[in-house]
Amino acid sequence: MSKTVLVLGGDGFCGWPTSLHLSALGYEVVIVDNFVRRHIAEELGAPSLTPISSIDERLNTWKEVSGNDIDIVELDIARDRCELRRLLASVRPDAIVHFAEQRAAPYSMRDAAHRAYTVDNNINGTHNVLSAIVELGLDTHFVHLGTMGVYGYEGDGLEIPEGYLDVVVEGPDGARHPRSILYPTKPGSIYHLTKSMDQLMFQFYARNDRMKITDLHQGIVWGTQTEQTRLDPALINRFDYDGDYGTVLNRFLMQAAAGHPLTVHGTGGQTRAFINIQDTVRCVALAIENPPAAGDPVRIINQVAETHRVRDLAELVAELTGADIEYLDNPRSEAAENDLAVSSKTLKGLGLEPILLRDELLTETVDIALRFIERANLDTIPATALWPGRREPETPQLEAPRFALR
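Residues numbered from 1 in each chain as written. Predicted model: local features only at pLDDT ≥ 70, side-chain atom pairs only at ≥ 80, totals over all residues. Heavy atoms only, no water.

Let's shift gears to the packing of helix H4 (residues 81-91) against helix H6 (residues 112-136). Packed helices, taken two at a time, are described by the angle their axes make and the gap between the axes. Two elements in contact, H4 and H6, have axes whose closest approach is 10 Å; the angle formed by their N-to-C orientations is 50 degrees. Between H4 and H6, the angle is such that the two are oblique. Relative to H6, the crossing made by H4 is right-handed. Only Asn-128, Val-129, Ala-132, Ile-133, Glu-135 and Leu-136 of H6 make contact with H4, whose side of the interface consists of Arg-81, Leu-84, Arg-85, Leu-88 and Ala-89. (Axes fitted to C-alpha atoms, helices over the stretch in contact; angles between N-to-C directions. Helix = DSSP H or I, 4+ residues; strand = E, 2+ residues; numbered from the N terminus. Parallel < 35°, antiparallel > 145°, perpendicular 65-115°, else oblique. Left-handed = near helix turned anticlockwise from the far one by under 90°. Contact = heavy atoms within 4.5 Å.)

Here it is as structure tokens:
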């Protein structure tokens, strides 16, 4: 009997190719999405560089090319708690993959309304799912897409372990008590703060209710296409390039395609972790196939292939495209230079052989940027969300983003 997987946020950048990959592997996939990412693109005036079909056309096309059905449920998991419970009671999924959080650090720092939206959406949505699983007594494996960014970017050369740090606490009588604690977080944005808070919720539910939980601490995702999204133009994945949602690599590629210098913030000495989108979907599948046992601590996996300094990434893109590099003030509150060492033993142990930035797929991403350059709103590429301490105090804004009240 095939297993059923709910993909929360399955219309998004990571969720869509993951849904197709799992369907191709034989899972019964149900996408749950409120399509807010499409509304945010309208708000920012920055639609995907690649043309994104309606969800119905996407799913009909997938049926035509693969023979597999994917169901779709329009639902806001942060606001429609009762409807979410009814869905879980009906489907009783073997696994849930959670991509339905607001995922952009700059967007979470735009103003008071966007900070509030990010907290409400991310914390309420995650907790509503966890609570419903427990209330219904489901034996569901919960797989969450986290981020390496919870640890901050002020590395001191220590390798970041996979979630836990072994310490010894000395008692008042001199006795030494070994403990395994969550590796300390140092979030640098409201978005990263919500991911840090997620970890505490996961720890509680795994210990208190014996839930099976895997938390994937992912690096920056690069690339656009996967084996499945290449099968038909209607299946193409998102390509975000704006200052809020566009990854640093995508912004560089868009600037190069437009004949603009690559803009590096600060010294470019910030080190970031990276992984290709094809490896993201493979990692999620590996996580689903290897769940922790009920009662085990949360399994935390670092979903990372390699690390690079931003200036080195700019030089790589400049080498490929011939673009110039320009250095600008950094809008974020962060160290000018940092090292980042990350353990990724689990995924390597499961057999993942990652795609690296110097492999041929980077050329594919460059080609996509050039092919669709006429669709771009180049005015949205610069980062405009400034961290507190990098600007004058903001004028209070109490209204939520317009799409949040759908």
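Still more to cover.
The next subject is the sheet that holds strand S12 (residues 271-276). Here we have 3 strands laid out as an open sheet, ordered S10-S12-S14, and mixed in their pairing. What marks the edges here is a single partner per strand, and that holds for strand S10 (220-222) and strand S14 (306-309). Adjacent strand axes in the sheet meet at a mean angle of 45 degrees, parallel and antiparallel pairs treated alike. In this structure, S10 lies alongside S12, joined through 3 bridges in parallel fashion. The partner of Val-221 across the bridge, within S12, is Ile-275. Of the strands in this sheet, S10 and S12 are in contact with helix H9 (residues 277-289), which crosses S12 at around 75 degrees. (Pairing = 2+ DSSP bridges.)

The 7 strands are arranged S3-S2-S1-S4-S5-S9-S13 in an open sheet whose pairing can be described as parallel. Sheet topology places strand S3 (70-74) and strand S13 (299-303) at the edges, where each strand pairs with a single neighbour. When strand polarity is set aside, the average angle formed by the axes of neighbouring strands in this sheet is 20 degrees.

In terms of nonpolar packing, the biggest core is built from 34 residues, with Val-5, Leu-22, Val-97 and Ile-288 touching the most fellow members. For this core, the element with the highest residue contribution is H9, accounting for 7 residues. Setting aside chain neighbours within four positions, we find Val-97 in contact with Val-5, Leu-6, Val-7, Leu-8, Leu-22, Val-143, Val-284 and Ile-288. (Core = buried A, V, L, I, M, F, W, Y, C linked by side-chain atoms within 4.5 Å. Buried < 20%, exposed > 50% of the residue type's maximum accessible area, 1.4 Å probe, protein only.)

Turning to the pairing of strand S1 (residues 4-8), a few remarks are in order. Across the 5 residues of S1, 5 count as buried, placing the element largely inside the fold. Residues Thr-4, Leu-6 and Leu-8 of S1 are buried on one face, and the alternating residues Val-5 and Val-7, pointing to the opposite face, are buried as well. Here 5 bridges tie S1 to strand S2 (residues 28-33), and the two strands are oriented parallel to one another. Across the sheet, the residue bridging to Leu-8 is Val-32, located in S2. Each parallel crossover has a hand, and the one from S1 via helix H1 (residues 15-24) to S2 is right-handed. (Right-handed = clockwise from strand over helix to strand, strands pointing away.)

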